[in-house]
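Observations on chain architecture
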Amino acid sequence: MPSLRLIFMGTPDFAVPTLSELVVEGYDIAAVYTQPPRPAGRGMDERKSPVHRFAEEAGIPVLTPKSFRKARTLEQLAAHKADLAVVVAYGLILPKAALDAPQYGCINVHASLLPRWRGAAPIQRAIMAGDEESGVMIMRMEEGLDTGPVCAGERVAISQDMTAGELHDELAERGAKLCARTLARLETDGLTFEPQTAEGVTYAAKISNDETRIDWRRPASEVHNHIRAMSPYPGAWFEALLGGKPERLKVLRSVTVPATAKGEPGALIDNMLTVACGQNAVRLTQVQRAGKKPMASADFLRGFPLAKGSVFS
């Protein structure tokens with residue numbers, strides 16, 4: 001039975017496999033910290049985070065401070081007398097007093113090959129940039145943004161058509177197993193941390209709504225990378241006339257193809273949802289209408305035939 005007493009800090013789906021792995025391994029988890037419930041869905045009812053829901057089902061106390069600026073919040077954190085805090089996509093800034101509260105500090109499970117893609121959206125940015133590999137790393141947290149030294153890592157190849165959702169799931173599972181192995185090493189042999197290199201630093205800024213619209217003027221390879229980086233959420237989109245009305249259409253999957261027919265960027269060059277780009281073309285293979293389920297392009301076209309020569313702005 002592991003002897004470490006832990007605090008876990010995380011919020012989204014990405015963090016759940018690591019928390020689950022720690023529960024299965026039998027760690028003493030004093031408390032789970034996650035972001036407060038927020039309005040979501042059509043009714044805008046307050047919704048607990050995925051980590052919050054998992055922790056409650058596992059019978060672990062849950063705390064949802066809005067920040068760590070208050071002395072009482074820091075005192076409560078220190079009162080857990082934890083050996084270590086495991087942080088996975090928590091989303092709140094931890095001041096030095098919080099980082100130093102556990103005996104061994106805080107370690108973070110980060111979804112990139114540091115120092116590449118520090119920041120909020122490493123998975124999407126790696127795919128958008130056309131990276132051929134990503135990975136997950138365990139680092140000791142500092143006050144800087146993902147600048148801490150690294151003690152463990154694992155690489156994952158990014159295939160040509162892999163979406164952000166697929167990479168997310170792969171890295172979440174790999175990160176969970178890597179974290180468990182890292183904690184086992186801490187208990188037996190201790191951990192050795194290596195500083196990150198000063199070269200190759202890039203920042204993965206949060207995805208903004210302004211970035212989601214497809215720009216057909218870009219080369220097909222970039223349009224394809226943009227589509228898969230936004231899939232399944234928030235979804236790359238364009239506007240089309242469906243039933244005589246303009247409607248936003250998300251694209252969840254695509255493939256790049258040579259432009260065998262001429263067309264201005266955004267023009268349909270066949271009857272299979274192949275769209276001309278600044279260079280070559282992309283064939284849209286899975287799309288989604290607002291409020292509807294994703295569907296293959298062939299099924300979509302049976303209901304909404306879009307003629308060759310149509311142009312999407």
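The paragraphs below set out a description of the structure included in this document. Just so it is clear, the structure is predicted and the values come from calculations on it, not from any experiment. One numbering rule holds for all chains: residues counted from 1, following each sequence as written. Confidence filtering applies because this is a predicted model: local features only for residues at pLDDT of at least 70, side-chain atom pairs given and counted only at 80 or more, and all residues used for totals across whole chains, interfaces and linings. Processing note: side-chain calculations cover all non-hydrogen atoms of the structure and skip hydrogens and water entirely.

Let us look at the overall build of the protein. Strands are runs of DSSP state E lasting at least 2 residues, helices are runs of H or I lasting at least 4, and numbering of each runs from the N terminus. Of regular secondary structure, the protein possesses eight helices and 16 strands. Seen along its three principal axes, the alpha-carbon backbone of the protein occupies a region of about 65 × 45 × 35 Å. Each of the 313 residues in the protein was classed as buried or not, and the buried ones make up 48%. Carbon and sulfur atoms provide 50% of the accessible area of the protein, an area that totals close to 15,800 Å². Distance between charge centres in the protein, computed from 37 positive and 36 negative side chains, equals 7 Å. Working definition: with a 1.4 Å probe on protein chains only, accessible area under 20% of the residue-type maximum means buried, over 50% means exposed, and in between means partly exposed. Working definition of accessibility: Shrake-Rupley area with a 1.4 Å probe, residue cover restricted to the visible protein chains. His is not counted, nor are the chain ends, whereas Lys and Arg count as positive and Asp and Glu as negative. By convention, charge coordinates are those of NZ in Lys, CZ in Arg, CG in Asp, or CD in Glu.

Here we take up helix α7 (residues 220-229). Counting buried residues along α7, eight of its 10 residues qualify, which places the element largely inside the surrounding structure. If you check which residues of α7 are buried, you get A220, V223, H224, N225, H226, I227, R228 and A229. Note on contacts: a residue pair qualifies if any of its non-hydrogen atoms lie within 4.5 Å across the two residues. As for α7, its buried residues are in contact with α5 (122-128), α6 (164-188), β12 (236-242), β13 (245-257) and β15 (281-289).

Turning next to the packing of aromatic side chains. Each pair of aromatic rings taken from Phe, Tyr and Trp, with Trp reduced to its six-membered ring, is defined by centres within 6.5 Å and is described as stacked if the planes are under 30 degrees apart, edge-to-face if over 60, and tilted in the remaining cases. For the coordinates displayed, the defined rule picks out six aromatic pairs. Each ring, one from F68 and one from Y90, has its centre 6.2 Å from the other, and the planes form 75°; the classification is edge-to-face. A residue pair is termed long-range when its members are at least 10 positions apart, and F68 in the loop between β5 (62-63) and α3 (71-79) and Y90 in the loop between β6 (84-88) and α4 (96-99) qualify at 22 residues. In terms of burial, F68 and Y90 fall into one category: buried. With a centroid separation of 5.6 Å and 25° between ring planes, the pair formed by F300 and F304 is classed as stacked. Its relative accessible area of 1% is what places F300 among the buried residues.

Bringing the packing of helix α1 (residues 16-24) against α6 into the picture now. For the pair α1 and α6, interaxial distance at closest approach is 8 Å and the crossing angle is 40°. Judged by the inter-axis angle, α1 sits oblique to α6. Relative to α6, α1 is oriented so that their crossing is right-handed. Here α1 contributes P17, T18, E21 and L22 to the contact with α6, which in turn contributes A172, E173, G175, A176, K177, C179, A180 and L183. Only Asp, Glu, Lys and Arg are considered charged in this grouping, and only Ala, Val, Leu, Ile, Met, Phe, Trp, Tyr, Cys and Pro are considered nonpolar; every other residue, Gly among them, is considered polar. Class assignment of the residues belonging to the contact of α1 with α6 gives a composition of seven nonpolar, two polar and three charged. For helices, the axis comes from a line fit to the C-alpha atoms of the stretch in contact; other axes are also lines fit to C-alpha atoms, and the angle between any two N-to-C directions lies between 0 and 180 degrees. Roughly parallel refers to an angle under 35 degrees, roughly antiparallel to one over 145, roughly perpendicular to one between 65 and 115, and oblique to any angle outside these ranges. Put simply, a crossing is left-handed when the front helix is turned counterclockwise from the back one by less than a right angle, and right-handed when it is turned clockwise.

Moving on, we get to a nonpolar patch on the surface. Patches here: salt-bridge-free residues with over 30% relative accessible area, like charges joined within 9 Å, nonpolar side chains (Val, Leu, Ile, Met, Phe, Trp, Tyr) joined within 5 Å. Here a salt bridge means any side-chain nitrogen of Lys or Arg lying within 4 Å of a carboxyl oxygen belonging to Asp or Glu. Taken together, the side chains of L145, V201 and Y203 make up a nonpolar region of the molecular surface, amounting to roughly 280 Å² of accessible area. With respect to the element layout, V201 can be found in the loop between α6 and β11 (203-204).

With that settled, the discussion passes to the pairing of strand β7 (residues 106-110). Counting buried positions over the five residues of β7 gives five, a clear majority of the element. The side-chain alternation of β7 yields two buried faces, one formed by C106, N108 and H110 and the other by I107 and V109. By this definition, two strands are paired if DSSP reports at least two bridges between them. Across three bridges, β6 lies against β7 in parallel orientation. Note that in β7 the partner of V86 across the bridge is I107.

Relative to each other, α1 and helix α2 (residues 50-57) sit at 20°, their axes nearing to 10 Å. With respect to their mutual orientation, α1 and α2 come out roughly parallel. Taken as a pair, α1 and α2 cross one another with a handedness that is right-handed. The residues of α2 that touch α1, namely those facing V16, L19, S20 and V23, are P50, V51, F54 and A55. A breakdown of the residues in the contact of α1 with α2 according to their chemical character gives seven nonpolar, one polar and no charged.

Attention now goes to the sheet that holds β7. Read across the open sheet, the seven strands follow the order β5-β2-β1-β6-β7-β9-β10; overall the sheet is mixed. The sheet is open, and its two edges are formed by β5 and β10 (150-157), each paired on a single side. Sheet topology places strand β1 (residues 5-10) next to strand β2 (residues 28-33); five bridges connect them, and they run parallel. Bridge pairing links I7 to A31 in β2.

Taken as a whole, this structure holds 16 salt bridges when the rule is applied. In this structure, D28 engages R5 in a salt bridge whose closest nitrogen and oxygen atoms are separated by 3.0 Å. Here D28 is found in strand β2, whereas its partner R5 is found in strand β1, with 23 residues between them in sequence. The class for D28 is partly exposed, based on a relative accessible area of 37%. You can call R5 partly exposed: its relative accessible area is 29%. Here D215 and R217 are joined by a salt bridge, their closest N and O atoms 2.8 Å apart. Judged by relative accessible area, D215 falls into the partly exposed class, the value being 24%. Its relative accessible area of 65% is what places R217 among the exposed residues.

Treat this as a map of the structure, not an account of what it does.
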